[in-house]
Amino acid sequence: MLMLSMLHSLLSQVLSPPHLHTAVLLTPSGELVSASSEPTRPKDEIRIIAGLSGEVWHETKEQGYGMVDSELGRIIVLPVDEATTGPDQTFSDDHQPLMLLVLNATDAVEWEELQTKGRVLARHLAKPLSKFRAQISVSKSSLPSTTATSPAPAARA
């Protein structure tokens, strides 16, 4: 069983307030799974980070990670996947990671430090989450079609 309280606890452990203040775990499609912040942030702010992170990931997944300096601070997006064994690992629409780990910090935290802390936590999360791959992975072929059809207009009398 996936314990959300355990995920929250692990995300909390990576934080070093006030500079590294937010950690978020989300699906590659952008669905929020868990988040931790110090000080506590409103859920709307966490959703903004999740949305921005999803966009960053979409644009940078071929590199295997994403980074952006934004109004919200520095944001790094890293894949959580047992298959990520090195910097050569790339992702595409056909091969998505299990989850995405997002760290948000002020510019007082160096990019290398964010990347190091994020990769350590991502590796730690990957093994237990990989047990749930079948439940949390969605193949491209199982997604519903985005083409909607309208019913034929009713005949007028």
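These figures come from a predicted structure and were not determined experimentally.

### Quick notes on the overall build of the protein chain
The helix and strand inventory of the protein chain stands at four helices and five strands. Starting at the N terminus, the α and β elements of the protein chain follow one another as α-β-β-α-β-β-β-α-α. Across the 157 residues of the protein chain, 36% fall into the buried class. Across the protein chain, every contact between residues at least 6 apart in sequence was considered, and the portion connecting residues at least 24 apart equals 60%. Entry remark: accessible area of the protein chain is about 9600 Å², with carbon and sulfur atoms responsible for 55%.

### Quick look at helix α1 (residues 4–14)
All of the buried residues in α1 are L7, L10, L11 and V14. Take α1 and look down its axis: the buried residues cluster within an arc of 100°, on one side only. Turned more than 90 degrees from where α1 packs its buried face, S5 and Q13 sit exposed. In this structure, the buried residues of α1 make contact with β1 (20–26), β2 (32–37), β5 (99–105) and α3 (111–130).

### Observations regarding the nonpolar core
When a protein is soluble and globular, its nonpolar side chains tend to lie buried together. Counting residues in each nonpolar core, the largest one holds 24 residues, and the members touching the most others are L25, V80, L103, L114 and L125. Where this core is concerned, the elements lending two or more residues are α1, β1, β4 (73–80), β5 and α3. Setting aside residues up to four positions removed in sequence, L114 forms contacts with L20, R74, I76, L103, A105 and V109. Core analysis: the second largest hydrophobic core is formed by 11 residues, L26, A50, L100 and V102 among them.

### Structural notes on the pattern of salt bridges
With the rule as written, the count across this model stands at four salt bridges. In this structure, the salt-bridge partner of R41 is E45, at a minimum N-O distance of 3.0 Å. For R41, a relative accessible area of 17% corresponds to the buried category. Of the charged contacts, one joins E113 and K117 as a salt bridge, the two residues approaching to 3.4 Å between their closest N and O atoms. With E113 and K117 both in helix α3 and four residues apart, the pair spans about one turn of that helix.

### So, the sheet that holds β1
Here five strands make up an open sheet; going across it, the order is β2-β1-β5-β4-β3 and the pairing antiparallel. In this open sheet, the two edge strands, each paired with only one partner strand, are β2 and β3 (66–70). In this sheet, neighbouring strand axes are inclined to one another by 15° on average, regardless of whether the strands run parallel or antiparallel. Both β1 and β5 contribute to a ladder of six bridges, which runs antiparallel. Bridging across to β5, L26 finds its partner in L100. The sheet contacts of helix α2 (residues 43–60) involve β1, β2, β3, β4 and β5, and relative to β4 the element is tilted by about 65°. Sheet strands in contact with α3 are β1, β3, β4 and β5, and its direction is about 30° off that of β4.

About the criteria used
- Residues numbered from 1 in each chain as written.
- Predicted model: local features only at pLDDT ≥ 70, side-chain atom pairs only at ≥ 80, totals over all residues.
- Heavy atoms only, no water.
- Helix = DSSP H or I, 4+ residues; strand = E, 2+ residues; numbered from the N terminus.
- Buried < 20%, exposed > 50% of the residue type's maximum accessible area, 1.4 Å probe, protein only.
- Contact = heavy atoms within 4.5 Å.
- Areas by Shrake-Rupley, 256 points an atom, 1.4 Å probe, with all protein chains shown as cover.
- Arc of directions from axis to C-beta.
- Core = buried A, V, L, I, M, F, W, Y, C linked by side-chain atoms within 4.5 Å.
- Salt bridge = Lys/Arg side-chain N within 4 Å of Asp/Glu carboxyl O.
- Pairing = 2+ DSSP bridges.
- Axes fitted to C-alpha atoms, helices over the stretch in contact; angles between N-to-C directions.

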